Number of protein chains: 4
Amino acid sequence: MKSPLSGIIPPLLTPLTARDQLDVAGLERLIEHVLAGGVHGLFLLGTTGEAPSLSYRLRRELVTKSCRIVNGRVPVLVGITDTSFVEAVRFAEHASDCGADAVVAAPPYYLPPSQPELREFILELMTELPLPLMLYNMPGLTQAPFELPTVAALMQHDGILGIKDSSGDMKYVQGLLQLARQRSDWSVLIGPEELTAEGVLMGAHGGVSGGANLSPKLFVDLYTAAAAGDVPRVRKLQRKALQLSELLYSWGQTRGGWILGLKCALSHLGICSDLPAEPLRSLTDAERETIRERLAVLGLLPVSPSEVGVNE
Amino acid sequence: MKSPLSGIIPPLLTPLTARDQLDVAGLERLIEHVLAGGVHGLFLLGTTGEAPSLSYRLRRELVTKSCRIVNGRVPVLVGITDTSFVEAVRFAEHASDCGADAVVAAPPYYLPPSQPELREFILELMTELPLPLMLYNMPGLTQAPFELPTVAALMQHDGILGIKDSSGDMKYVQGLLQLARQRSDWSVLIGPEELTAEGVLMGAHGGVSGGANLSPKLFVDLYTAAAAGDVPRVRKLQRKALQLSELLYSWGQTRGGWILGLKCALSHLGICSDLPAEPLRSLTDAERETIRERLAVLGLLPVSPSEVGVNE
Amino acid sequence: MKSPLSGIIPPLLTPLTARDQLDVAGLERLIEHVLAGGVHGLFLLGTTGEAPSLSYRLRRELVTKSCRIVNGRVPVLVGITDTSFVEAVRFAEHASDCGADAVVAAPPYYLPPSQPELREFILELMTELPLPLMLYNMPGLTQAPFELPTVAALMQHDGILGIKDSSGDMKYVQGLLQLARQRSDWSVLIGPEELTAEGVLMGAHGGVSGGANLSPKLFVDLYTAAAAGDVPRVRKLQRKALQLSELLYSWGQTRGGWILGLKCALSHLGICSDLPAEPLRSLTDAERETIRERLAVLGLLPVSPSEVGVNE
Amino acid sequence: MKSPLSGIIPPLLTPLTARDQLDVAGLERLIEHVLAGGVHGLFLLGTTGEAPSLSYRLRRELVTKSCRIVNGRVPVLVGITDTSFVEAVRFAEHASDCGADAVVAAPPYYLPPSQPELREFILELMTELPLPLMLYNMPGLTQAPFELPTVAALMQHDGILGIKDSSGDMKYVQGLLQLARQRSDWSVLIGPEELTAEGVLMGAHGGVSGGANLSPKLFVDLYTAAAAGDVPRVRKLQRKALQLSELLYSWGQTRGGWILGLKCALSHLGICSDLPAEPLRSLTDAERETIRERLAVLGLLPVSPSEVGVNE
């Protein structure tokens, strides 16, 4: 794995055919779809991958099958975030056995640790992990941030590769970029796909863009333009990226709208099933139809003959 | 199990001798200690029991051993709160096999469900659970409350026994008590031990008081006075209950201070080990010594000969 | 003014006939209405009185006229909460000139002060104030709480009479009651009317109940029962108090629903105008009609002849 | 005033010599200092200007004197944010009388308005204002954001010039930039100085940078580089801008650290007094000395002879 880790590393969706049943054919098509778009790595079992909602058995199967499919073409990162230290270590061992390249961990997320507790938790974890670790800052869901002084302390550990930030707080990202100047092999990746371009313009190394499940090439192009400092091209591509999230990610009161929208869009493209894991629930037929229409607006799906002359 | 479930039901601490190793002798002494204090039931694997921090293997062992020790003397409730539907059901089956009386579930707690998603999650869960369910409202940690209309909807299901509220929001509890008038077998239990007395005065059925691990009789007496409407006695006992939490629960920046304080106090009493599960960390020697002194102030530990003549 | 201040002290609504125009006749009827209900004091220019939304000119007029109308029959407290120290002092001087008995101040509420800044702000204020001060804890709106150690420090100042808590956090109130044991003339008043009864049962001195604008006798009776430790009567009256807030206080997305509901109810009773100050907006005609019907349900308004035979 | 409003518009500090006493000579020096640095406008009475902490009398004096000093050299914007509609209008009339170019309003900030209430408040305000209005999004302090659909509705009003965003939420800023494509004279200004460069790279029109009180040229250069799409120069200047905020803005628990740090730095430069308005409090002597040393590190203050040979 080259260092620092950079580029677009999609947080892979987890295709399902039924509760606790992996959509293996869908998984294969999805991986080939994103690799064909030029992505620079894969991140399995993140928030977008619905990791916490899945049984451990299914999570293991997903890692096994994905590593086999990827077969070394790009680095594979595996989420091991867990509330239990013991379960996190056990899962990292499985990822290592499957040939994954690194693991990713957010703070344990039920009773939020203090910063000293978090630092010790990660350092203790490093004594047990068989693979390098990427930190995952996700305070909106874990309620425990990796504060900058904690990151500064953990950067001293060579086995920690970098940090993915999903806070959406670009002032914090500026602080991460200042810290990153201390280690040339340290990577700062941006979680929210709407902020990846500006993060990379300011010096970040890439993005873990959920939308790259659907439009891998768009996000790879956006990253490439930003890494080259091509501001006019960034602004043009950014509009397309924003349009994608505006049209596909908001569905009623759910907080998992982007997962539902992306799974549904991929089902319309014939790539995988749209079934989410509980507590998420499938979109309604009307919402599914709306997504199909919007995919056409986005140029991602040709208008089918059956729609000619349809009144709405 | 009588209905509605009432009285003091301690959220049992989980004694550990090492990482992923249950303190079986300590567990036995702890259970006998609280039963001797007159508690009306036990709640295993709640927040105080550090459930999310434990391996599933250890959680299973704890339920197996605890049910064997209790042997039907009081009802045993088992926490099955999980981010994964499949794991929650699997654990409930284990609790049922061990002879537990009911299970307890907070909302899945990584990506917070909307109220419709939460309602469907619980209703779907009811089709799979082998035991009755008590709801567990803990919005501070799960970020997803059981809002009153959701509770009203779930009350229609006979298999749901009641709700334990740990929000600390007594206006919400007033709403629960208004709803409770619809079902004579429905139970409203108060989580925060500082609020149990006033909750019971207003009509709640009891408390899941962490402090009852240490001083079961105090909390049983407080409950009894409140249930009898004996306001002067309530105010007198309440002062002792507040003193306990003021002296033992705050340690630095950790949010698990009450767990650390209670485990340490019980180790001073010779009941069980004080080791917490990660990400919590043991108190320092100085803090442990402070707790020993405060236990003497509380009248829970005789001053030992070695302390005679010590200046502070 | 007797000490500690106790009983029901309504946060008086501010009747308006137009923008920046006081409804003087309505004010007189409103004051007589609450005094007839037996309230123990009046609190002008609190949150319920829409103080921050009013011009200073109108606020001054309100204090002048209210003090004249009350004419010493009960103590009058005047809110001087302001973001500006200088304006707060100036307003306190006006209140003193009008014959008010005490002033009430929440923390300055734009840039939230730290606890040391808050403590110094209040102590500095005490050197300038011509009247005794009651603290007003309202962290939901000011973002700056009076934390318990700050209250403990401020209690050393004889000119500070007590604290009104509107946090709704009864664990905090328990802490206030523990502190209150240090000063026999110190008063703890409960803001949320739904929590006044249980607060008084546990030792609080009274309530600043918004609903007492409409039903002063109900809240006086509830306080009296709680102060006497009459638990069965408290529970019975509490149900009526809860019904009032459930039926009248929630209107769309506004956070000032209780003000709109109470003003509208009082206009139906012929007491004062229902006009709020910006940014609040009058209820719709349909909502006004709903309130009229609900007042009948609550027994506060006789069903008028025109409603006989109406289907809904 | 050219449109859209663009460039660096410092939120001017309010120099004070004593409580409620303007430092007029300091104000004159401060204005000349920032104009000499090339700023494109001035914003009086924002958060950095401590507006809510000042008496209305002093606020009026500040506007009168500042407009006289500026004398048309750059546009002057005046904050009229108030909890009271009537006071906001009155202040805007004063600003107009003094020759200011526009006014700026955040939502009324005690009881946070709902979005419909906020929209109506602003539209009603527009019927009374004598000057064009810039919206001011500051949800961290007002608790009421201008949500994107509200901005979209208010953009239809020609008298509204644009929006200054101080949320620090760059995803929201991306939404504002998408909306801004509808009106070529609409301005999006960035509040946090750490985010101005990346905002301008993505299409924003400028920044209301507090640090420009101290280093106006640095922020003007940063803006110019970003507006020209010169990414390498942006990254280089950004490091200097970040160093300034890292070294000068954090002092204990106060939330007004940047105001205290900037006022103190300007007093070391001989520009104006460092006295803040309550509830802020002056830094300690040790902190003042630290700032002096850090100004030397930043190259903003020459090392004085007295420091030669000093060990620390």
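Analysis parameters
- Residues numbered from 1 in each chain as written.
- Chains lettered and ligands numbered in written order.
- Predicted model: local features only at pLDDT ≥ 70, side-chain atom pairs only at ≥ 80, totals over all residues.
- Heavy atoms only, no water.
- Patch = residues over 30% accessible without salt bridge, like charges linked within 9 Å, V, L, I, M, F, W, Y side chains within 5 Å.
- Areas by Shrake-Rupley, 256 points an atom, 1.4 Å probe, with all protein chains shown as cover.
- Salt bridge = Lys/Arg side-chain N within 4 Å of Asp/Glu carboxyl O.
- Lys, Arg positive; Asp, Glu negative; His and termini not counted.
- Charge placed at Lys NZ, Arg CZ, Asp CG, Glu CD.
- Helix = DSSP H or I, 4+ residues; strand = E, 2+ residues; numbered from the N terminus.
- Buried < 20%, exposed > 50% of the residue type's maximum accessible area, 1.4 Å probe, protein only.
- Pairing = 2+ DSSP bridges.
- Contact = heavy atoms within 4.5 Å.
- Axes fitted to C-alpha atoms, helices over the stretch in contact; angles between N-to-C directions.
- Least-squares fit on C-alpha atoms with pLDDT ≥ 70 in both.
- Parallel < 35°, antiparallel > 145°, perpendicular 65-115°, else oblique.
- Left-handed = near helix turned anticlockwise from the far one by under 90°.
- Phe/Tyr/Trp six-rings, centres within 6.5 Å; stacked < 30°, edge-to-face > 60°.
- Lys NZ or Arg CZ within 6 Å of the ring centre and 35° of its normal.
- Polar contact = N/O pair within 3.5 Å; in protein donor to acceptor, adjacent residues only side chain to side chain.
- UniProt positions renumbered as here; feature names shortened; annotations may be inferred.
- Right-handed = clockwise from strand over helix to strand, strands pointing away.
- Buried area = accessible area lost by both parts, 1.4 Å probe.
- Nonpolar A, V, L, I, M, F, W, Y, C, P; charged D, E, K, R; others polar.

### Points about a positive patch on the surface
And step 1. Where like charges cluster on the molecular surface, the positive patch consists of Arg181 of chain B together with Arg233, Arg235, Lys236, Arg239 and Lys240 of chain C.
And step 2. With respect to the helices and strands, Arg239 of chain C occurs in helix H10 (residues 231–248).
And step 3. In this structure Arg239 of chain C comes out as partly exposed when scored by relative accessible area, which is 32%.

### What to know about the sheet that holds strand S7 (residues 133–137) of chain B
Residues and elements named next belong to chain B.
And step 1. Strand order in the open sheet made by the eight strands is S1-S10-S9-S8-S7-S6-S5-S4, with parallel pairing throughout. In the strand order of this sheet, the two ends are held by strand S1 (7–8) and strand S4 (42–44), each with one partner.
And step 2. Examined bridge by bridge, strand S9 (residues 187–190) and strand S10 (residues 206–207) share two bridges and lie parallel to one another. Bridge pairing links Leu189 to Gly206 in S10.
And step 3. Against the sheet, helix H7 (residues 170–180) engages S7, strand S8 (160–165) and S9, with an angle of about 160° to S8.

### Digging into the relation of the copies chain A and chain B
And step 1. Placing chain A over chain B gives an RMSD of 0.0 Å and needs a rotation angle of 180°, together with 0.0 Å of translation along the axis. The transformation relating the two chain copies, once decomposed into turn and shift, fits a two-fold axis.
And step 2. Here 100% of the interface residues in chain A have copies in chain B that are interface residues too; the copies meet face to matching face.

### Re the arrangement of the chains
And step 1. You won't find any contact between chain A and chain C; their C-alpha atoms come no closer than 16 Å.
And step 2. When C-alpha atoms are compared, chain B and chain D, though not in contact, are closest at a spacing of 16 Å.

### Digging into the packing of helix H10 (residues 231–248) of chain A against helix H12 (residues 285–297) of chain A
Residues and elements named next belong to chain A.
And step 1. Interhelical geometry of H10 versus H12 gives an angle of 165° and a closest axis separation of 10 Å. With respect to H12, the element H10 is oriented roughly antiparallel. Both H10 and H12 take part in a crossing whose hand is right-handed. For the pair H10 and H12, the contacting residues are Gln243, Leu247 and Leu248 in the first and Ile291, Arg294, Leu295 and Val297 in the second.

### What to know about the packing of aromatic side chains
Ring pairs (aromatic) are described by centroid distance and by the angle formed between their planes.
And step 1. The full count for this structure, using the stated rule, is 16 aromatic pairs over all chains.
And step 2. Seen from their ring centres, Tyr109 of chain A and Tyr109 of chain B are 5.7 Å apart, and the 40° between their planes marks the pair as tilted. Taken together, the residues Tyr109 of chain A in the loop between strand S6 (102–105) and helix H4 (115–126) and Tyr109 of chain B in the loop between strand S6 (102–105) and helix H4 (115–126) connect one chain to another.
And step 3. Consider the rings of Phe43 of chain B and Tyr136 of chain B, whose centres lie 6.0 Å apart with planes at 80°: the pair is edge-to-face. Linking Phe43 of chain B in strand S4 with Tyr136 of chain B in strand S7, this pair joins segments that are 93 residues apart in sequence. By the burial criterion, Phe43 of chain B is buried, and Tyr136 of chain B matches it.
And step 4. One aromatic cluster is present, built from ring pairs that chain together Tyr109 and Tyr110 of chain A together with Tyr109 and Tyr110 of chain B.
And step 5. Looking at Arg59 of chain D, its charged tip hangs above the ring of Tyr56 of chain D, at a distance of 4.1 Å from the centre.

### Side note on the side chain of Glu193 of chain B
And step 1. Residue placement: Glu193 of chain B occurs in the loop between S9 and helix H8 (196–201).
And step 2. Buried within the structure, Glu193 of chain B lacks any salt-bridge partner; its nearest side chain of opposite charge belongs to Lys171 of chain C, at an N-O separation of 7.9 Å.
And step 3. Looking at Glu193 of chain B, its side chain comes within polar contact range of the main-chain nitrogen of Gly210 of chain B, at 3.5 Å.
And step 4. Within the local environment of Glu193 of chain B, its side chain forms a polar contact with the side chain of Tyr249 of chain B, the two groups lying 2.9 Å apart.
And step 5. The contact partners of Glu193 of chain B, leaving out residues within four places of it in the chain, are Ser209, Gly210, Gly211, Phe219, Leu244, Ser245 and Tyr249 of chain B.

### Side note on the UniProt feature "binding site: pyruvate" (unreviewed entry) in chain A
Residue and element names in this part refer to chain A.
And step 1. According to UniProt, the feature "binding site: pyruvate" (unreviewed entry) maps to Thr48 and Val208 in the numbering used here. Separation in sequence by 161 residues is not matched in space for these annotated residues, since their most distant C-alpha atoms are only 10.0 Å apart.
And step 2. Among the structural elements, Thr48 can be located in the loop between strand S4 (42–44) and helix H2 (56–70).
And step 3. Once residues within four sequence positions are removed from consideration, Thr48 is found in contact with Pro11, Leu12, Leu13, Asn213, Trp258 and Ile259.
And step 4. For Val208, the position within the fold is in the loop between strand S10 (206–207) and helix H9 (216–227).
And step 5. Residues within four places of Val208 in sequence aside, it is in contact with Ile9, Pro10, Pro11, Phe43, Lys164, Leu189, Ile190 and Gly191.

### Concerning the relation of the copies chain C and chain B
And step 1. Its rotation angle being 180°, the transformation that places chain C on chain B also includes 0.0 Å of axial translation and leaves an RMSD of 0.0 Å.
And step 2. Taken as a fraction of all interface residues of chain C, those also at the interface in chain B reach 100%, which identifies the copy contact as same-surface.

### Focus on the pairing of strand S7 (residues 133–137) of chain C
Residue and element names in this part refer to chain C.
And step 1. The element S7 is largely enclosed, with a buried count of five among its five residues.
And step 2. Where burial is concerned, the two faces of S7 agree: the one with Leu133, Leu135 and Asn137 and the one with Met134 and Tyr136 are both buried.
And step 3. Of the strand pairs in this sheet, strand S6 (residues 102–105) and S7 are connected by three bridges, and their pairing is parallel. The partner of Val104 across the bridge, within S7, is Met134.
And step 4. As a crossover connection, the stretch from S6 through helix H4 (residues 115–126) into S7 is right-handed.

### Brief notes about the interface of chain A and chain B
And step 1. Across the boundary between the two partners, chain A contributes 43 residues, which contact 43 residues of chain B.
And step 2. At the junction of chain A with chain B, the criterion picks out five salt bridges.
And step 3. Where Glu124 of chain A meets Arg19 of chain B, a salt bridge forms, and the shortest distance between an N and an O atom there is 3.0 Å.
And step 4. The interface formed by chain A and chain B includes 18 residue pairs in polar contact (both at pLDDT 80 or more).

### Some details on unusual backbone geometry
And step 1. Of note, the bond from Ser3 of chain D into Pro4 of chain D is cis; its omega dihedral lies within 30 degrees of zero at -5°.
And step 2. Its location among the elements puts Pro4 of chain D in the segment before strand S1 (7–8).
And step 3. A positive phi angle, near 65°, is found at Gln143 of chain C, a position not held by glycine.
And step 4. Its identity as a non-glycine residue notwithstanding, Leu45 of chain D has a phi of 65°, on the positive side.
And step 5. Here Leu45 of chain D lies in the loop between strand S4 (42–44) and helix H2 (56–70).

### Here's the deal with the pattern of salt bridges
And step 1. According to the stated counting rule, one finds 63 salt bridges over all chains in the structure shown.
And step 2. Ionic pairing is found between Arg183 of chain B and Asp185 of chain B, a salt bridge with its closest N-O pair at 2.9 Å.
And step 3. Residue Arg183 of chain B is classed as buried on the basis of its relative accessible area, which comes to 11%.
And step 4. Between Glu289 of chain D and Arg292 of chain D there is a salt bridge, with the nearest N and O atoms lying 2.8 Å from each other. Of this pair, Glu289 of chain D and Arg292 of chain D are both found in helix H12 (residues 285–297), three residues apart, which corresponds to roughly one turn of the helix.
And step 5. Among the charged side chains, a salt-bridge network with shared partners connects Arg19 and Glu278 of chain A together with Glu124 and Glu128 of chain B.

### Some points on the interface of chain C and chain B
And step 1. The interface of chain C with chain B comprises 22 residues on the first partner and 22 residues on the second.
And step 2. Here chain C and chain B share an interface that buries about 2,100 Å² over both sides, 58% of which is from carbon and sulfur atoms.
And step 3. Of all residues in chain C, the largest losses of buried area upon contact with chain B belong to Gln178, Glu198 and Met202 of chain C, amounting jointly to 26% of the total for that side.
And step 4. At the boundary of chain C and chain B, one finds two salt bridges.
And step 5. Across the pair Glu194 of chain B and Lys171 of chain C runs a salt bridge, and its minimum N-O distance is 3.8 Å.
And step 6. Elements supplying a minimum of two residues to the side of chain C that touches chain B: helix H7 (170–180), helix H8 (196–201) and H10 of chain C.
And step 7. With seven residues, H10 of chain C is the single largest residue contributor to the side of chain C that touches chain B.
And step 8. Taken together, the residues of the side of chain C that touches chain B break down into nine nonpolar, six polar and seven charged.

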